[in-house]
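Chain by chain, the residues:
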Amino acid sequence: MPEKLSKPAKLFYISNIMNGLGNGIFNVILQLYLLQIGFTASDLGTIFMMSSLSMFLFMIPSGILADKYGNGKIIIAGWIPLIIQMGIILSSSSIELISLAWFLNGIGNATSNAVIGPFFSSLFEKEELDKAFGLRGFINIVSMSIGSLMGLIPPYLVANYGFSLRSSYWFMLLLAIIMFITQIPFYLLIFKYVKDEKHGNGFSFNLQSKDVVIKYSIIQIIQGIAFNPFISFFPYFVNNKFGVESDGLGSIQFISYFVQAGSNLIAPKIAEKYGSVKTISLALISAAPFFALFTVAPSFIWLSVIYIARLSIASVCNPLLPSLFYRLVHPEEKATANSISTMASVGTNTFTPKIGAYLMENISINAPALLAALLYPIYGTTFYYFFKNNNLKNQKLVEQPIKTN
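Here the residue numbers are simple positions, counted from 1 along each chain's written sequence. Since the coordinates come from a predicted model, pLDDT governs what is reported: local features require at least 70, and pairs of side-chain atoms require 80 or more to be given and counted, while whole-chain, interface and lining totals use all residues. Hydrogens are left out, water is left out, and the side-chain values use all remaining heavy atoms of the structure.

1. Concerning the overall build of the chain
No. 1: When helices and strands are counted, the chain shows 17 helices and zero strands.
No. 2: Burial classes: relative accessible area under 20% of the type maximum marks a residue as buried, over 50% as exposed, and values in between as partly exposed (1.4 Å probe, protein chains only). Expressed as a percentage of its 405 residues, the buried residues of the chain come to 58%.
No. 3: Using a 1.4 Å probe, the Shrake-Rupley method yields the accessible areas, and only the shown protein chains count as cover for residues. Summed over its atoms, the accessible surface of the chain is roughly 16,500 Å², and 64% of this surface lies on carbon and sulfur atoms. In this text, helices come from DSSP runs of H or I with a minimum length of four residues, and strands from runs of E with a minimum of two, each type numbered from the N-terminal end.

2. Quick word on the nonpolar core
No. 1: Leu34, Leu303, Tyr376, Phe383 and Phe387 are the most contacted members of the largest nonpolar core, which totals 112 residues.
No. 2: A total of 13 residues in this core trace back to one element, the largest contributor, which is helix α1 (residues 7–37).
No. 3: Leave out the neighbours within four places in its chain, and phenylalanine 383 touches Tyr216, Ile219, Val277, Ile280, Ser281, Leu321 and Leu324. Buried Ala, Val, Leu, Ile, Met, Phe, Trp, Tyr and Cys residues form a nonpolar core when they are joined through side-chain atoms within 4.5 Å. Contacts are assigned to residue pairs with any non-hydrogen atoms lying within 4.5 Å of each other.

3. Section: the packing of α1 against helix α7 (residues 165–181)
No. 1: Structural elements are reduced to axes, namely lines fitted to C-alpha atoms, with helices fitted over the stretch in contact, and the angle between N-to-C directions of any two is expressed from 0 to 180 degrees. Where α1 meets α7, the closest approach of the two axes is 8 Å, and the angle between their N-to-C directions is 155°. Between α1 and α7, the interaxial angle falls into the category roughly antiparallel. The element α1 and its partner α7 pack so that their crossing is left-handed.
No. 2: Per-class residue counts for the contact of α1 with α7 are 19 nonpolar, four polar and one charged. Roughly parallel means an angle under 35 degrees; roughly antiparallel means over 145; roughly perpendicular covers 65 to 115; every other angle is labelled oblique. Less than a right angle of anticlockwise turn of the near helix away from the far helix marks a crossing as left-handed, whereas a clockwise turn marks it as right-handed. Lys, Arg, Asp and Glu make up the charged group, whereas Ala, Val, Leu, Ile, Met, Phe, Trp, Tyr, Cys and Pro make up the nonpolar group; the residues left over, Gly among them, are polar.

4. Comments concerning the environment of phenylalanine 230
No. 1: In this structure, phenylalanine 230 sits in helix α9 (residues 210–231).
No. 2: Residues phenylalanine 230 and isoleucine 355, spaced 125 residues apart in sequence, show a C-alpha to C-alpha distance of 9.3 Å.
No. 3: If we ignore the near neighbours within four places in the chain, the residues touching phenylalanine 230 are Phe237, Phe291, Phe294, Pro368 and Ala369.

5. Some remarks on the pattern of salt bridges
No. 1: Counted as salt bridges are all cases of a side-chain nitrogen of Lys or Arg within 4 Å of a carboxyl oxygen of Asp or Glu. Inspection of every chain in the model, using the stated rule, returns two salt bridges.
No. 2: One salt bridge in this structure joins aspartate 211 and lysine 215, with 3.4 Å as the shortest N-O distance. Placement of the pair is aspartate 211 and lysine 215 together in helix α9, with a separation of four residues, close to one helical turn.
No. 3: The exposure class of aspartate 211 is partly exposed, given its relative accessible area of 47%.

6. Quick word on the packing of helix α3 (residues 71–91) against α7
No. 1: Between α3 and α7, the shortest axis-to-axis distance is 10 Å and the interhelical angle comes to 170°. For the element pair α3 / α7, the angle class is roughly antiparallel. Of the residues in α7, those touching α3 at Met86, Ile89 and Leu90 are Trp170, Leu173, Leu174, Ile177, Phe180 and Ile181.
No. 2: Grouping the amino acids of the contact of α3 with α7 by side-chain chemistry returns nine nonpolar, no polar and no charged.

7. Examining the packing of aromatic side chains
No. 1: A pair of aromatic rings is counted whenever rings of Phe, Tyr or Trp (Trp by its six-membered ring) have centres within 6.5 Å, and the orientation is called stacked for planes under 30 degrees apart, edge-to-face for over 60 and tilted otherwise. Under the counting rule described, the total for this entry stands at 23 aromatic pairs.
No. 2: Seen in terms of ring centroids, phenylalanine 230 and phenylalanine 237 are 5.2 Å apart; in terms of plane orientation they differ by 75°. Their pairing is edge-to-face.
No. 3: Judged by its relative accessible area of 0%, phenylalanine 237 is buried.
No. 4: For the ring pair tyrosine 385 and phenylalanine 386, a centre distance of 6.1 Å and an interplane angle of 45° mean the geometry is tilted.
No. 5: On the accessibility criterion, phenylalanine 386 (17% relative accessible area) is buried.

8. Quick word on the side chain of serine 54
No. 1: Checked against the element boundaries, serine 54 lands in helix α2 (residues 41–69).
No. 2: Looking at serine 54, its side chain comes within polar contact range of the main-chain oxygen of serine 51, at 3.1 Å.
No. 3: In this view, serine 54 contacts Trp102, Phe103, Gly106 and Ile107; residues no more than four positions away in its chain are not counted. As used in this structure description, the phrase polar contact means that two N or O atoms lie within 3.5 Å; if the pair is within protein, one of them must be able to donate a hydrogen and the other to accept it, and residues adjacent in sequence are counted only when both atoms belong to side chains.

9. A closer look at helix α14 (residues 317–328)
No. 1: End to end, α14 covers 16 Å across twelve residues, agreeing with the expected 16 Å (1.5 Å per residue, within 8%).
No. 2: The buried count for α14 comes to ten of twelve residues, which makes it a mostly enclosed element.
No. 3: Cys317, Pro319, Leu320, Leu321, Ser323, Leu324, Phe325, Tyr326, Arg327 and Leu328 are the residues of α14 that are buried. One less than the number of residues in a helix, times 1.5 Å, gives the span that helix is expected to have.

10. Quick look at helix α8 (residues 184–193)
No. 1: Looking only at α8, the buried set comprises Ile184, Tyr187, Ile190 and Phe191. Burial along α8 is one-sided: seen end-on, the buried residues are contained in an arc of 115°. Throughout, the arc means the angular range of directions from the helix axis out to the C-beta atoms.

In structure tokens form, the structure reads like this:
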């Protein structure tokens, strides 16, 4: 636990609970719902690509505007396209409108991804960031695990109340959207207590932290190519190989999220002993063999064991990666630097879903997992090479958090 938790920080953690519940349901239900509508893997690749495309276009402007005009205004603006997207998902089944919904999703996510991380980091001293991000990850993941367990509900509705699979999935998506919307009042309270400081020089790319940003951007690209073609279609993968529906997916996600939560909590202690860079690099390299094991799993039970084992190792990186980033960049450049780095990731996401769909439909259902197994050692090794001289360990870096009223 961070030693100091301000009221805005506590409200932020509460909002994460609602966000996690909604995401937990979405992660289990969404692809299965779209398959029930009649979409193929190629259709899903096209749809998901739209979100990445709009994030790519809006990420840097969101970060620059946040640094110049304040985080709160940008976060509030991002809710508008997200709410419209939610309405389209519930009311449409055409690929054109669903693709539009994901384009709007990308706009909303561009604002949140560019701003929320830097905003959250500014609520804590620098030496508290590992713990702060670890606790944030723990809370979010536990909430997502509870949300994912709701994947057990659709088969129950079908068996006992005459629902079709499609209608039961639609009902769960509605519940997820309600969860998302309930986090909005908590953000409004946060902005009431926090003085939303404005800084930055407007539309300038002359960053003092450009070396860190470039390296993180390269890392994001490698990670996207390695990870996204497989994980973007994980529900499709298990449904195709083992005929698993939302109840099975919900169960594995429920367990795996708790494993992730534990990894998020112990990560700061491991990094304190070995340093953030070594811990992250070794975790990434150690996770590689598990992707290959996915391809030879003889049953869904074995696949679940492999999935959980990989997550327990790889999830150690989750709080350490952003914590290291925000300690290395200059405070007044956080949102802009984060938006550029994240843009590299979402730019990669514009084509990796199509790669995953192509590999699964034309090469082998196992091909994206094998690609990840090959690239993850490169991912971990490159990260260590880039940041071995920034291996923060027991290093006291002081930054004043933003002022609160």
